Amino acid sequence: MNEWIEDEYDNNVYAMTGWIAGQFFTEGLERLEGEEVTWDSYMTALESEPIKNPFGGIIDYSNGSRMGTQEMNLSKIAGEDTW
């Protein structure tokens, strides 16, 4: 991700989760290579094997599981106002 993202977003949790979602979505489509894209074919492709999360761990839809990313980067935002 850091190869393409601006420095101000490299530790942004929203940028990270967006990157993971995009990676996850496109991996499912790539697994359909040459097949008709339907909800059922897409879900079958996702369930065929775990998807490696580019930030660590796996996203696993196999055997009816819906296991995703359980950990994310924790960033602290410092500013003039405190909560």
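Report on the accompanying structure. Note that the coordinates shown come from a computational prediction; the quantities given were computed from them, not determined experimentally.

**Details of the packing of aromatic side chains**
In the structure shown here, the tally under the stated rule is 2 aromatic pairs. Residues phenylalanine 25 and tyrosine 42 carry aromatic rings whose centres are separated by 5.8 Å and whose planes lie at 50 degrees to one another, so their mutual orientation is tilted. Remark: tyrosine 42 occurs in helix 2 (residues 39–47) and phenylalanine 25 occurs in helix 1 (residues 13–30); sequence separation between them is 17 residues. Accessibility expressed as a relative area gives 10% for tyrosine 42, which makes it buried.

**Focus on the pattern of salt bridges**
Under the criterion given, the structure shown has 1 salt bridge. Between glutamate 27 and arginine 31 there is a salt bridge, with its nearest N and O atoms 3.1 Å apart.

**Let's talk about the nonpolar core**
Counting residues in hydrophobic clusters, the biggest one holds 10 residues: Ile20, Phe24, Leu32, Tyr42, Met43, Ala45, Leu46, Ile51, Ile59 and Tyr61. Among the secondary structure elements, those contributing two or more residues to this core are helix 1 and helix 2. A per-element tally of this core places helix 2 first, with 4 residues. Those residues in contact with phenylalanine 24 that sit more than four places away from it in its chain are Tyr42, Leu46, Ile51, Ile59 and Tyr61.

**Describing helix 1**
For helix 1, which comprises 18 residues, the first-to-last C-alpha distance of 25 Å matches the rise-based estimate of 26 Å (1.5 Å per residue) to within 8%. Every buried residue belonging to helix 1 is among Ala15, Met16, Ile20, Phe24 and Gly28, and all of these are buried. Structurally, helix 1 contributes buried residues whose contacts are with helix 2, strand 1 (51–52) and strand 2 (58–59).

What counts, and where the lines are drawn
- Residues numbered from 1 in each chain as written.
- Predicted model: local features only at pLDDT ≥ 70, side-chain atom pairs only at ≥ 80, totals over all residues.
- Heavy atoms only, no water.
- Phe/Tyr/Trp six-rings, centres within 6.5 Å; stacked < 30°, edge-to-face > 60°.
- Helix = DSSP H or I, 4+ residues; strand = E, 2+ residues; numbered from the N terminus.
- Buried < 20%, exposed > 50% of the residue type's maximum accessible area, 1.4 Å probe, protein only.
- Salt bridge = Lys/Arg side-chain N within 4 Å of Asp/Glu carboxyl O.
- Core = buried A, V, L, I, M, F, W, Y, C linked by side-chain atoms within 4.5 Å.
- Contact = heavy atoms within 4.5 Å.
- Expected span 1.5 Å × (residues − 1).

Everything listed is a geometric property; what it means functionally is a separate question.
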